[in-house]
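In case you want the letters, here they are:
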Amino acid sequence: MFTEAQLYSPVSKGADGDVTVHLSDEHPGVHDPAYRARRNAIAALALNYRTGEPVPHIEYTAEEEQVWRIVAAELARKRERYACAEVIEAADRLSLPADHIPQLSEVSAKLVPLTGFRYVPAAGLVPLREFFGSFADRIFHSTQYIRHHSAPLYTPEPDAVHEILGHANQLASPRFAALYETVGAAVARISTETALKFLADVFWFSMEFGVLREHGEVRCYGAGLLSSYGEIEEFRAAELRPLNIREMGTRAYDITHYQPVLYCAESVDEIEEVVGGFFATMTDDSVAELVETV
Ligand SMILES: [Fe+2]
């Protein structure tokens, strides 16, 4: 049943200027014309956004707000049980609303005093170089749509729940925010597609699906796990391996299924040393060497 994923639905703009979000055949909202029109309208707002303008305000419907209330309450409970202390404390300081979907401007207003990160709108997938590179300026590109109301605890694509309850709770930690900035600085140093893909994959196995040991228990810090009602309970069943940059950067993975192999740090210190240390020093050449020796 679960193909919970990180795969954005493609967005296109026709010659007439009409914006269309192409939902997959399995998407819970694919046969709901009202939902599809809604998705197109929200994507159009993001596509028309220009840097420096006010972030588009979305008038969320009662149905959308209800989806948020359900999933925010469930994920808050699961976070207490499965997330690491660094994330739980960051989420407590950020204190995102549980009763309504926060506008991106509201997320930024809460995050900026903590770590300086600001949210800007994205229609869907942002080119990797732009998405990761913007971390250098403490900017995070975020979608604004929300999953279909028929399945509030499931989404086949990253939605506001993932971007906000996953990433913003992580970005409220000064330690994780600094690591994101290091990723952004690395993007400015690299030029090959191989190095960019390697960076994205190390990020995937750390900031999206990373876990760490804490008081003898495995706890998560990755945004993909923090925002997944199903996977947050399953990660303890995964094969856990010690941090290994070469493996993380070259391992093939299927983003439509729960991850069978996860990389487990012994502490936030180790994430900073190994993952942060890699991002801080990576170059096209250092990645080429790592890839060659696989
Ligand atoms: Fe993400």
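As shown above, the structure is provided for reference.
Rules of the game
Residue numbers run consecutively from 1 along every chain, following the written order of its sequence. A pLDDT threshold of at least 70 governs which residues receive local features in this predicted model, and a stricter bar of 80 or more applies before side-chain atom pairs are shown or counted, although totals over entire chains, interfaces and linings include all residues. The basis for every side-chain value is the complete set of heavy atoms in the structure, and neither hydrogens nor water enter the calculation. A run of H or I in DSSP counts as a helix once it spans at least four residues, and a run of E counts as a strand once it spans at least two, with each numbered from the N terminus. Based on C-alpha atoms, the radius of gyration is set beside the globule rule, defined as 2.2 Å times the residue count to the power 0.38. Exposure categories follow from relative accessible area, calculated using a 1.4 Å probe and restricted to protein chains: below 20% of the type maximum is buried, above 50% is exposed, and the middle band is partly exposed. We call two residues in contact when some of their heavy atoms are within 4.5 Å. Side-chain rings of Phe, Tyr and Trp, where Trp is taken by its six-membered ring, are said to pair if the distance between their centres is within 6.5 Å; with planes under 30 degrees apart they count as stacked, over 60 as edge-to-face, and otherwise as tilted. The criterion for a charge sitting over a ring is simple: Lys NZ or Arg CZ within 6 Å of the ring centre, and within 35 degrees of the ring normal. Pairing between strands requires that DSSP locate at least two bridges from one strand to the other. Helix axes are fitted to C-alpha atoms over the stretch in contact, other axes to C-alpha atoms as well, and angles between N-to-C directions run from 0 to 180 degrees. Each metal site is built from N, O and S donor atoms within 2.8 Å (3.2 Å for Na, K and Ca), and since water is not included, such sites may look incomplete. What sets the label is the angle itself: under 35 degrees gives roughly parallel, over 145 gives roughly antiparallel, 65 to 115 gives roughly perpendicular, and the rest give oblique. Each residue gets one label: Ala, Val, Leu, Ile, Met, Phe, Trp, Tyr, Cys and Pro are nonpolar, Asp, Glu, Lys and Arg are charged, and the others, such as Gly, are polar. What counts as a salt bridge is simple: a side-chain nitrogen of Lys or Arg found within 4 Å of a carboxyl oxygen of Asp or Glu. Helix crossings get a hand from a simple test, with the near helix turned counterclockwise from the far one by less than a right angle marking a left-handed crossing and a clockwise turn marking a right-handed one.

Caption draft 1: Inspection of the overall build of the protein at higher detail. Of the regular secondary structure elements, the protein holds 13 helices and 8 strands. Taken against the 2.2 N^0.38 rule, which gives 19 Å for 294 residues, the C-alpha radius of gyration of the protein at 18 Å falls within 12% of a compact globule. The C-alpha extent of the protein, read off along each of the three principal axes, is 50 × 40 × 40 Å. Per-residue burial for the protein yields a buried fraction of 54% across its 294 residues. For the protein, the share of sequence-separated contacts (at least 6 apart) that also reach a separation of at least 24 residues comes to 65%.

Caption draft 2: Representation of the packing of aromatic side chains in the model. Taken as a whole and judged by the stated rule, the model has 18 aromatic pairs. Ring centres of W204 and F209 lie 4.6 Å apart, and the angle between their planes is 45°; this geometry places the pair in the tilted category. Taken individually, W204 and F209 each receive the classification buried, so the pair is uniform in this respect. These aromatic residues form a ring-pair network of at least three members: F117, Y119, F131, F132, F135, F140, Y180 and F203. The ring centre of Y229 lies 3.8 Å from the NZ or CZ of K78, which sits over that ring.

Caption draft 3: Seen up close, the pairing of strand β8 (residues 261-265). With respect to burial, β8 is a largely interior element, 5 of its 5 residues being buried. Here β8 shows a buried face lined by V261, Y263 and A265 and a second buried face lined by L262 and C264. Here 2 bridges tie strand β5 (residues 211-214) to β8, and the two strands are oriented parallel to one another. Among the inter-strand pairings, V211 is bridged to a residue of β8, identified as C264. Relative to β8, strand β7 (residues 239-242) is paired through 4 bridges, and the arrangement is parallel. Paired with R241 across the two strands is Y263, which belongs to β8.

Caption draft 4: Molecular detail of the sheet that holds strand β6 (residues 217-220). Pairing in this open sheet of 4 strands is mixed, and the strands run β6-β5-β8-β7 from one edge to the other. Edge positions in the sheet fall to β6 and β7, since each of these pairs with one other strand and no more. Averaged over all neighbouring strand pairs, the angle between strand axes comes to 45°, with direction disregarded.

Caption draft 5: Layout of the coordination of the iron ion. Protein coordination at the iron ion comes from H162 (NE2), H167 (NE2) and E208 (OE), with a distance range of 2.1 Å. Positions of the donor residues of the iron ion, expressed as sequence spacing, correspond to H-x4-H-x40-E. Pair noted here: H162 is in helix α6 (residues 160-171) and E208 is in helix α8 (residues 193-208), with a separation of 46 residues, a long-range link. Here H162 and E208 have matching classes, each one buried.

Caption draft 6: Local environment of the packing of α8 against helix α13 (residues 284-292). Interhelical geometry of α8 versus α13 gives an angle of 75° and a closest axis separation of 9 Å. As the angle between them shows, α8 and α13 are arranged roughly perpendicular. From α8, T194, A195 and F198 reach across to α13, where they touch D284, V287, L290 and V291. Partitioning the contact of α8 with α13 into residue classes produces 5 nonpolar, 1 polar and 1 charged.

Caption draft 7: Inspection of the pattern of salt bridges at higher detail. Going through the model one piece at a time under the given rule, you end up with 13 salt bridges. Between D269 and R175 there is a salt bridge whose closest N-O contact spans 2.5 Å. With D269 in helix α12 (residues 268-281) and R175 in helix α7 (residues 174-189), this pair connects stretches of sequence that are 94 residues apart. Owing to a relative accessible area of 43%, D269 belongs among the partly exposed residues under this scheme.

Caption draft 8: Fine view of the packing of α8 against α12. Contact geometry of α8 with α12 gives a least axis separation of 11 Å together with a crossing angle of 160°. Accordingly, the angle class assigned to the pair α8 and α12 is roughly antiparallel. The hand of the α8/α12 crossing is left-handed. Side by side, α8 and α12 meet where F198, L199, V202, F203 and S206 of the first sit next to V275, F278 and F279 of the second. Broken down by class, the residue content of the contact of α8 with α12 amounts to 7 nonpolar, 1 polar and no charged.

Caption draft 9: Summary view of unusual backbone geometry. Within the chain, S95 stands out as a residue other than glycine whose phi angle is a positive 45°. Along the chain, S95 falls in the loop between α3 (85-94) and α4 (104-115). Its identity is not glycine, yet H215 carries a phi of approximately 50°, on the positive side. Here H215 is to be found in the loop between β5 and β6. Taking relative accessible area as the criterion, H215 reaches 82% and is therefore assigned exposed.

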